[in-house]
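# Observations on chain architecture
Okay, here's what each chain looks like letter by letter:
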Amino acid sequence: MTTYDQASWKDEDDDRHEPLLSEKANERVAIEDSPLPDDLTRDSLELPAPAEPALARHYTRLSQMNYGVESGPFPLGSCTMKYNPSFTEDIAARPEAAVHPDRPDRTVQGTLGLCHRLQDYLGRIGGMDAVTLQPPAGAAGEFTGIQIANAYHQHNGDDRSEVLIPDSAHGTNFATAAMAGYSVVELPSGDDGRVDIDALEAAISEETAALMLTNPNTLGLFERDIERIADIVHDAGGLLYYDGANLNALLGQARPGDMGFDVMHYNVHKTFATPHGGGGPGAGPVGVTEALAPFLPDPHVRQRNGEYEYYRPDHSIGKVHGYYGNWPVLVKAFAYITRLGDAGLADASAKAVLNANYLATQIPYEVPFGPFHHEFVASAGEQDAADVAKGMLDHGVHPPTTKWPETVDEALMTEPTEGESLRSLDQLAAAFEAVHDEDDGTLAAAPTRTAASRIDQVRAARSPRLSWQALDSDQ
Ligand SMILES: *Cc1c(COP(=O)(O)O)cnc(C)c1O
């Protein structure tokens, strides 16, 4: 692995290649009549002006310090870090894909047509009647979906105060419900890792606005009682929300709409290939049943008299994002779905499930529940899951998600995705095996073979370094 020698702008090469732009870049620009107070303004701005070779080497070095889906397997459970085929980038980068969003509808029929077809594809994939493309992430989709549920209940004069969420759910589910003004009722999982029907029946009431679930759930387990669960929620007048982060297990195999879900989000950046992580970019379209369609965000795209147009649904919750949403991400999802087609999508899910099940049999850690789908949660047992993760970095692979869900001790939530070959699955298994056999001291010191050693994650979050100049200091 490449070592990193504090690559800074003051690379040796800077001296040999006289920066062409330096004088211009460092010119003092006088800002007259600034409305800002003097102590908040500066009168010069020193920008680095390296020569191109130094710049090329700097970024190449940075990219070598990083690890991504293009470096090797990336089994970060729940996140679906699949390899993103580059043809989708080419299509999103085409000039026709970049039209100004304020142009009149009739001059952007291609753009609106793509939105309309993507709404339709996602609707068919999820078994939903109508889909909005606006929300810019899965979490934003959740918030939109719960707002739609809220608007629906309010419209029916039905004031409800609670949202039920299983204890294994993603943190965004709890945050969504709380931000939408609901009290969160946490449902304990049953012994088999699934929804405990008795606990659900005890918690459900006329206060229940919605139950938020994902299926297969966070442990990768299929909620076999999903139809019964849907009946219990619907009989109490509540709605069933589907967290689409696990849709990668279901493409062409089963549909949330058929299971009784009323509203769902799609993490198109997970399921339909867009590089993601570190906060984006993503898109979280939301699908709903016919009864909820009048509450979708404004604008929505429809086809009338052979033309595509924007319109405001009758009881719209309003805007959740400007214009069409995170457009390039949507174009990539469209390209991915059309290239794979029905058979290709079903094949992707089948392989995602096969890969997870194969890997689970090859690792030395206990996998407490099963049979599972596209991901599994192993337990690090006596080892600390965070140490296991850091240790795996020294074996050249990205580790799984750790310590979540909390229903499994020292959880190692592993999702290899469909794109990994037998060889890379074996490489992952070998890394698990090596770390399993390592002593605690070695693991506590790991990683030692990466560009950065173990970082203080709390400090990294609390005192982030936001300036390029910090590279020169040793802090
Ligand atoms: C990733 C994820 C989310 C949130 O999606 P973002 O696109 O990251 O906002 C919600 N639920 C689950 C289960 C997830 O894995």
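Bear in mind that the values here come from a model prediction, so they are computed numbers and not experimental data.

For strand 4 (residues 208-213), a buried count of six out of six residues is recorded, marking the element as mostly surrounded by other parts of the structure. The pairing of strand 2 (residues 162-166) with strand 4 spans three bridges and is parallel. Residue pairing for strand 4: Leu 164 is matched across the bridge by Leu 211. Bridge count for strand 4 against strand 5 (residues 239-243) is four bridges, and the pairing is parallel. Considered in strand 5, the bridge of Leu 211 is made with Leu 240. Handedness of the crossover is the feature at issue here: the chain leaves strand 4, passes through helix 9 (residues 226-235), returns alongside strand 5, and the resulting connection is right-handed.

Our next topic: the site of the ligand. The full set of residues close to the ligand is Ser 78, Ala 137, Gly 138, Ala 139, Glu 142, His 170, Thr 172, Asp 243, Ala 245, Asn 267, His 269 and Lys 270. In the environment of the ligand, a nitrogen atom lies 3.4 Å from a nitrogen or oxygen atom belonging to the side chain of His 170. One of the side-chain N or O atoms of His 269 is found 2.6 Å from an oxygen atom in the ligand. Contact with the protein chains hides 86% of the accessible area of the ligand, taken as 380 Å² for the molecule alone. Contributions of two or more residues to the shell around the ligand are made by helix 6 (138-155) and helix 11 (268-271). Considering every element that reaches the shell around the ligand, the biggest residue donor is helix 6, with three residues. Classifying every residue of the shell around the ligand by side-chain character gives three nonpolar, six polar and three charged.

Quick look at the packing of aromatic side chains now. Using the criterion set out here, one finds nine aromatic pairs in the structure. Plain terms: the ring middles of Tyr 152 and Phe 295 are 6.1 Å apart, the flat faces sit at 85° to each other, and that makes the pair edge-to-face. Of the two residues, Tyr 152 sits in helix 6 while Phe 295 sits in the loop between strand 7 (286-288) and strand 8 (300-304), which places them 143 residues apart along the sequence. Given the relative accessible area of 22%, Tyr 152 is considered partly exposed. Lying across the ring of Tyr 311, Arg 302 places its NZ or CZ 4.1 Å from the centre. Its guanidinium or amino end placed over the ring of Phe 87, Arg 339 lies 4.0 Å from that ring's centre, counting from NZ or CZ.

Quick notes on the rules
- Residues numbered from 1 in each chain as written.
- Predicted model: local features only at pLDDT ≥ 70, side-chain atom pairs only at ≥ 80, totals over all residues.
- Heavy atoms only, no water.
- Buried < 20%, exposed > 50% of the residue type's maximum accessible area, 1.4 Å probe, protein only.
- Helix = DSSP H or I, 4+ residues; strand = E, 2+ residues; numbered from the N terminus.
- Pairing = 2+ DSSP bridges.
- Right-handed = clockwise from strand over helix to strand, strands pointing away.
- Near = heavy atom within 4 Å.
- Polar contact = N/O pair within 3.5 Å; in protein donor to acceptor, adjacent residues only side chain to side chain.
- Areas by Shrake-Rupley, 256 points an atom, 1.4 Å probe, with all protein chains shown as cover.
- Nonpolar A, V, L, I, M, F, W, Y, C, P; charged D, E, K, R; others polar.
- Phe/Tyr/Trp six-rings, centres within 6.5 Å; stacked < 30°, edge-to-face > 60°.
- Lys NZ or Arg CZ within 6 Å of the ring centre and 35° of its normal.

Everything listed here is a matter of coordinates, which is why it stays silent on function.
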